[in-house]
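The primary structure of each chain is shown beneath.
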Amino acid sequence: MPRLARARVGASARGPEAGQPPRGPPPPAPAPVAAAERVLRWGIFEIDGRSCDVVLSDRALRWRPIRPERPAAPAAGNSKYGFLSKEEFIELKDLFSVKLKWRRFAKQQKGGTLLGITLFVCIKKEPNKLKDYTLNLNNSSEDHCASWVRDLKKILIGFSNRPKFLKVLINPQSHKKEATYIYYEHVDPLLKLAKIKTDVTITEYEGHALSLLKECELQEFDGIICVGGDGFASEVAHGLLLRAQMDAGKDTNYIPTPVRTPVPLGIIPAGSTNVLAHSLYGITHIVTATLHIIMGHMQPVDVCTFSSTGKFLRFGFSAMFGFGGRTLALAEKHHWMLPNQRKDFAIIKALASLKPEDCEISFLPAKVSQDFQEASRNEYRSTESDFNNQWQKIQGHFLNISIMTIPCCSMSPGGLAANARLNNGSMALIIARNSSRSEFVKHLKKYGSFKNQFNFPAVETYIVAEVKIQPRNDSEYDTENIEFHGASNENNYPWNVDGDLMEVSSEVHIKVHPQLIKLYGGCFEEMNDYK
């Protein structure tokens, strides 16, 4: 993390004329620079009310305050000027904008009194949370400040991984219908500050984003941004990946080996749960998500394909069958309720009518590293060595089945699949066998804990590469009167795929594909190591 000056930066315009040292004895040597850095510029600015010696290198901006010394105690090597011992610096990789700072009258657009330069920096304030910080370098010389701004802008242009032009998709119906406000109030100002151009579309109906991505000239954009909840983010990710298959000439009805999408995706959390954004950033914070996009932080992420009877259904990051699918189906039928009320109602209703599904589960253990096996040993009961990489089969009655390539850590501090990783080529398979309602509720409540989330006799966990789930219609449990099926879909089973409802009547085959899409965001594991 970069070390920074104190947050309150002085706004005084006083400073050495034309950025030069004061007349009299020679100034002290510039602040020391690491041998590997190349010095680009040196000057004097006022920072936080103190005159500072400032050095710009190709890696960092460093400054150290200058102060007059008493004649009786001169600084070593100089009779009048000396340094305070503390040096401050920012790394240029954390800089995202720079501009001249002016004092202007109200409604004055140009001109005014030059105060100096303002730097806009991305900093980490606490685990996973990013914040934009301003540093003012005060100096009244226009030539001096303009030359510094030119050099700093050249450095910013040199960060080729940062986006210059983004396609923005907004779902105005997400959560409390706040997505449009969130974008224009919190996201757009930061994008404009970073000089990022945008092409904004506010979607008008469900599936609009998918239709647009099939036809859009994606090569014009450096990235796609979606503003909404989990269902909308999943729709946009699916659309991007589907478009990549179309561009590669793939048959989208059958995709055994999908190709990677060349365009990265950024997710601005504006939904009710924001599980995908939370898994990606480690926090549901709009400014954090925006700064990851601005800074060009990207990482590849695993994606699953869902297919049935050999036909491709969709791409996704996580899925739930049984209780999780029923709960979402109930919530979708009561969209007239407020989001939080709808969620609570659906959970209570699904628990009241809790019934297991009679299923056959087949899975292929994943090839995972020894380090990951050791880290997961207490939570996940099987590894590749346990089954010799052979398909395994489980039959029985199950209350809930979860398949996750991501931690899903919005509703749980450790994640619904705490040991899942974003890009290790595996999925977490979590099976809750039939048990009493009270035991199942205890299991659900345990998700609020960091440890022993799956420490229940009826819960089994596995690390897998593929899963097949086949509901068996000859179940002794009557499901025809359960509300979520509906008259026209009584043979369908509801699935919760990334917060989006998918209904399928037969076997579903889920397969993980490593690093299929790039998402804007930092490494979640590294961010959790922040102290």
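It should be emphasised that the depicted structure is a prediction, and the values quoted were computed from it without experimental measurement.

Moving on: the confidence of the model for the protein chain. For the protein chain, the average pLDDT comes to 81, and 76% of its residues sit at 70 or higher. A low-confidence stretch, residues 1-28 (pLDDT under 50), is modelled with 73 contacts involving residues beyond four sequence positions or located in other chains. Considering only residues more than four positions removed or in separate chains, one finds that residues 474-489, a stretch of pLDDT under 50, has 27 contacts.

What follows is about the pattern of salt bridges. What the rule picks out here adds up to 13 salt bridges. Put simply, E37 and R62 hold a salt bridge, and the shortest N to O gap is 2.6 Å. With E37 in the segment before strand 1 (39-47) and R62 in strand 3 (residues 60-68), this pair connects stretches of sequence that are 25 residues apart. Here E37 falls in the buried class, since its relative accessible area comes to 14%. E357 is the partner of R326 in a salt bridge, and the nearest nitrogen-oxygen pair spans 2.9 Å. Residue R326 is located in helix 7 (residues 323-333), and its partner E357 is located in strand 16 (residues 357-365); the two are separated by 31 residues in the primary sequence. Both residues of the pair, R326 and E357, count as buried.

Where like charges cluster on the molecular surface, the positive patch consists of K99, R104, K153 and K195. Along the chain, the position of R104 falls in the loop between strand 6 (95-103) and strand 7 (113-126).

The next subject is the side chain of E357. By relative accessible area, E357 is classed as buried at 5%. Here R326 takes part through its side chain, which lies 2.9 Å from a polar atom of the side chain of E357. Once residues lying within four places of it in the same chain are set aside, the contact partners of E357 are F321, G322, R326, G396, H397, F398 and Y493.

The next point concerns the environment of V168. With respect to the secondary-structure elements, V168 resides in strand 9 (residues 165-170). Counting along the chain gives 58 residues from V168 to C226, while the straight-line C-alpha distance between them is 5.9 Å. Here V168 is in contact with Y183, T198, D199, V200, T201, I225 and V227, once residues within four sequence places are set aside.

We now examine the packing of aromatic side chains. By the definition in use, this model includes 9 aromatic pairs. Arranged with centres 4.8 Å apart and planes meeting at 50°, the rings of F165 and F221 form a pair that is tilted. One end of the pair, F165, is in strand 9; the other, F221, is in the loop between helix 3 (208-215) and strand 11 (223-228), and 56 residues separate them in sequence. Its relative accessible area of 25% is what places F165 among the partly exposed residues.

Structurally, the position occupied by Y493 is in strand 20 (residues 493-497). The class for Y493 is buried, based on a relative accessible area of 8%. Sequence spacing of Y493 and E357 is 136 residues, and the spatial spacing of their C-alpha atoms is 9.7 Å.

For the rest of this paragraph, the subject is the nonpolar core. Core analysis: the largest hydrophobic core is formed by 63 residues, its most contacted members being F96 and L265. With residues near it in sequence (within four places) discarded, F96 still touches F120, V121, C122, D132, L156, R162, L190, L193, A194, L291, I294 and M295. Counting residues in each nonpolar core, the second largest holds 29 residues, with C304, F306, I394 and I403 among its members.

Procedures and definitions
Residues numbered from 1 in each chain as written. Predicted model: local features only at pLDDT ≥ 70, side-chain atom pairs only at ≥ 80, totals over all residues. Heavy atoms only, no water. pLDDT = per-residue confidence, 0-100. Contact = heavy atoms within 4.5 Å. Salt bridge = Lys/Arg side-chain N within 4 Å of Asp/Glu carboxyl O. Helix = DSSP H or I, 4+ residues; strand = E, 2+ residues; numbered from the N terminus. Buried < 20%, exposed > 50% of the residue type's maximum accessible area, 1.4 Å probe, protein only. Patch = residues over 30% accessible without salt bridge, like charges linked within 9 Å, V, L, I, M, F, W, Y side chains within 5 Å. Areas by Shrake-Rupley, 256 points an atom, 1.4 Å probe, with all protein chains shown as cover. Lys, Arg positive; Asp, Glu negative; His and termini not counted. Charge placed at Lys NZ, Arg CZ, Asp CG, Glu CD. Polar contact = N/O pair within 3.5 Å; in protein donor to acceptor, adjacent residues only side chain to side chain. Phe/Tyr/Trp six-rings, centres within 6.5 Å; stacked < 30°, edge-to-face > 60°. Core = buried A, V, L, I, M, F, W, Y, C linked by side-chain atoms within 4.5 Å.

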